[in-house]
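Read off the chains here:
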Amino acid sequence: MNFDRPWLLPIVLLGTTLFAWLYRYGDNRTNARALRYSNLAFLIAAAAPRRWPQLLLAIAWTVAVACVLFSVTGPHLWARVPVHGGTVVLCIDTSGSMQAADVEP
């Protein structure tokens, strides 16, 4: 695999780490603010909080940001594919019927 801008790879790693940290920090602040004014005893008695949906969402967002940042480096993959032969034909219709105004664009 080759890159157009390989010098951006450390920046991608740093950006992904920073995003994951900021996401976690923001999530913790939101949870702390929500619990400040709630009845915590009722919450624990009503339902055991599940952590896996939040964790799955955080991982999905982090992977998405990492993919976007990774694409900035311009990755190229050269794959050798066996070719058995073929023909490519490019057809352009320039007849008068293409200038008909019976259908609005």
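Quick caveat: nothing in here was measured; it's all calculated off a predicted structure.

J.: When you look at the overall build of the protein chain in this model, what are you seeing that I'm missing?
T.: On a plain count of helices and strands, the protein chain comes out with 3 helices and 2 strands. Ordered by position from the N terminus, the helices and strands of the protein chain form the series β-α-α-α-β. Residue burial in the protein chain is summarised as follows: out of 105 residues, 7% are buried. If you take every contact in the protein chain between residues at least 6 apart in sequence, the share linking residues at least 24 apart comes to 91%. For the protein chain, the accessible area works out to roughly 9,600 Å², and carbon and sulfur atoms hold 68% of it.

J.: Help me understand the packing of aromatic side chains in this model?
T.: The description of two aromatic rings rests on the distance between their centres and on the angle between their planes. In this structure the tally under the stated criterion is 2 aromatic pairs. Ring centres of F19 and Y23 lie 6.0 Å apart, and the angle between their planes is 40 degrees; on these two criteria the pair is classed as tilted. One end of the pair is F19 and the other is Y23, both in helix α1 (residues 9-36) and 4 residues apart, which spans about a single turn. Assessed through its relative accessible area of 23%, F19 is described here as partly exposed. Given a relative accessible area of 25%, Y23 falls into the partly exposed group.

J.: Just checking my understanding: could you explain the side chain of T62 for this structure?
T.: Here T62 is to be found in helix α3 (residues 52-71). T62 gets classed as buried once you look at its relative accessible area, which sits at 18%. Once residues lying within four places of it in the same chain are set aside, the contact partners of T62 are T16, F19 and A20.

J.: Looking at this model, I keep getting lost on a nonpolar patch on the surface. Mind explaining?
T.: A surface patch of nonpolar side chains, amounting to about 450 Å² of accessible area, comprises L18, W21, L22 and Y25. Within the secondary structure, W21 is located in helix α1. Since its relative accessible area comes to 52%, W21 is described here as exposed.

Reading the values: the criteria
Within every chain, residues take consecutive numbers counted from 1 along the sequence as written. Per-residue local features are limited, in this predicted model, to residues with pLDDT of at least 70; the limit for side-chain atom pairs, both in listing and counting, is 80 or more; totals at the level of whole chains, interfaces and linings are taken over all residues. Each side-chain value is worked out from all heavy atoms of the structure, with water and hydrogens disregarded. In this description a helix means any DSSP run of H or I spanning at least four residues, a strand means any run of E spanning at least two, and both kinds are numbered starting from the N terminus. Any residue under 20% of the maximum accessible area for its type is buried, any over 50% is exposed, and the rest in between are partly exposed; the area is computed with a 1.4 Å probe on protein chains only. Note on contacts: a residue pair is in contact if any heavy atoms of the two residues lie within 4.5 Å. Per-residue and other accessible areas were derived by the Shrake-Rupley procedure at a 1.4 Å probe size, with only the shown protein chains allowed to occlude residues. Aromatic pairing here means that ring centres of Phe, Tyr or Trp (its six-membered ring) are within 6.5 Å. Orientation follows from the plane angle: under 30 degrees is stacked, over 60 is edge-to-face, and everything else is tilted. Residues form patches when they are more than 30% accessible in relative terms and have no salt bridge. Like charges link within 9 Å. Nonpolar side chains (Val, Leu, Ile, Met, Phe, Trp, Tyr) link within 5 Å. Here, a salt bridge means any Lys or Arg side-chain nitrogen found within 4 Å of an Asp or Glu carboxyl oxygen.

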